[in-house]
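Now for the letters of each chain:
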Amino acid sequence: MFWVLLLLLAWAVAGTACTRLCLAAVRAAAVGTDPVRGRGLTLYEAAFLSGGPARVADLTLVSMARQQRLLLAHTGWATVVDPRARDEIERSVIGAIGPEGQSRIAPVRSAAADTDAVRSLGEGLVRAGLAVPDAAARTTVAAGVRQVRAAALAVTGLAVAALTLPAPAGMPRDLIAVWFALPLTLTLSCLGIARVEVHPYARWASPAGQRLLGGVRRRAGRAADDHSFLASVAVRGIRAIGEPELRAAFAHRDQLPRE
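About the thresholds
- Residues numbered from 1 in each chain as written.
- Predicted model: local features only at pLDDT ≥ 70, side-chain atom pairs only at ≥ 80, totals over all residues.
- Heavy atoms only, no water.
- Pairing = 2+ DSSP bridges.
- Helix = DSSP H or I, 4+ residues; strand = E, 2+ residues; numbered from the N terminus.
- Axes fitted to C-alpha atoms, helices over the stretch in contact; angles between N-to-C directions.
- Salt bridge = Lys/Arg side-chain N within 4 Å of Asp/Glu carboxyl O.
- Phe/Tyr/Trp six-rings, centres within 6.5 Å; stacked < 30°, edge-to-face > 60°.
- Buried < 20%, exposed > 50% of the residue type's maximum accessible area, 1.4 Å probe, protein only.
- Lys NZ or Arg CZ within 6 Å of the ring centre and 35° of its normal.
- Contact = heavy atoms within 4.5 Å.

A. Spatial organisation of the sheet that holds strand β3 (residues 102-104). Strand order in the open sheet made by the three strands is β1-β2-β3, with antiparallel pairing throughout. Among the strands making up the open sheet, the edge pair consists of β1 (70-72) and β3. When strand polarity is set aside, the average angle formed by the axes of neighbouring strands in this sheet is 20°. For β1 and strand β2 (residues 77-80), the ladder comprises three bridges, and the chain directions are antiparallel. Directly across from L70, in β2, lies its bridge partner V80.

B. Summary view of the pattern of salt bridges. Counted under the stated rule, the structure contains seven salt bridges. Between R119 and D114 there is a salt bridge; the shortest N-O distance is 3.0 Å. Overlapping salt bridges bring together D114, D116 and R119 as one network.

C. The arrangement of the packing of aromatic side chains in detail. Going through the model one piece at a time under the given rule, you end up with one aromatic pair. Aromatic pair F48 and W204: ring centres 5.6 Å apart, planes at 65°, arrangement edge-to-face. Linking F48 in helix α2 (residues 43-66) with W204 in the loop between α7 (173-197) and α8 (207-220), this pair joins segments that are 156 residues apart in sequence. By relative accessible area, W204 is classed as buried at 13%. Between the NZ or CZ atom of R66 and the centre of the ring of F229, over which it lies, the distance is 4.0 Å.

D. Structural view of the environment of L191. Structurally, L191 is set in helix α7. Measuring from C-alpha to C-alpha, the distance between L191 and V148 comes to 7.0 Å, with 43 residues separating the pair along the chain. Filtering out sequence-adjacent residues up to four positions away, L191 remains in contact with V145, V148 and R149.

E. The environment of T79, seen in detail. You can see T79 is positioned in strand β2. Since its relative accessible area comes to 22%, T79 is described here as partly exposed. Taking the C-alpha atoms as reference points, T79 and I94, 15 residues apart in sequence, are found 9.3 Å from one another. What T79 contacts, discounting residues up to four positions off in sequence, is L70, L71, G101 and Q102.

Structural data, given as structure tokens:
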């Protein structure tokens, strides 16, 4: 009857993993579900909810370049033209470039994304129920899905092990396979439901934040002015940039400087 112990272990693995995923999905759904009335998003907020701190840094760099207060060369260097910042986030970008007024875009982007101004922006969105509280909460559902996948593989392995053992007298192997098919069906069903119900949750925005982002996305392509262009950058990232020179500047953003 050793196969019974393997079956109990399979149920324990499958049940634990599926329970954790369900609880994670419930916690994720509970974040920011209250309707937001009379609340709009600034471009910085839209950028944060769409791509996190790095997107805010990208938006600020593009915005300052469009206003000719910052020069972004196609070689991947940023040069300060006008050192007067209009807000705290611009001040963070200028500070990240350094006292010499010139730096590569990659370290500027990284440093600006990790400043107090950007962190305060994120904290305000969390308090408003528009952003997911922290990185751990953002990855909880994804981790739960991975655990259920691992549980499905574990149940399959335990079933194979049980079927290779000598079968008890009067116990058909087909019946043993059916018993193991039950926890396997539980894990596969849980994965199927998670793919449909949990997949839409974004990394940064809560459900309420995503609803507001939908309005920004709809307005982003309606006009050809600077605000519409920057809104597109906020929600879509650098791929929304159409200017070849500006796109070339950001093509170097993740490359290390040459020695």
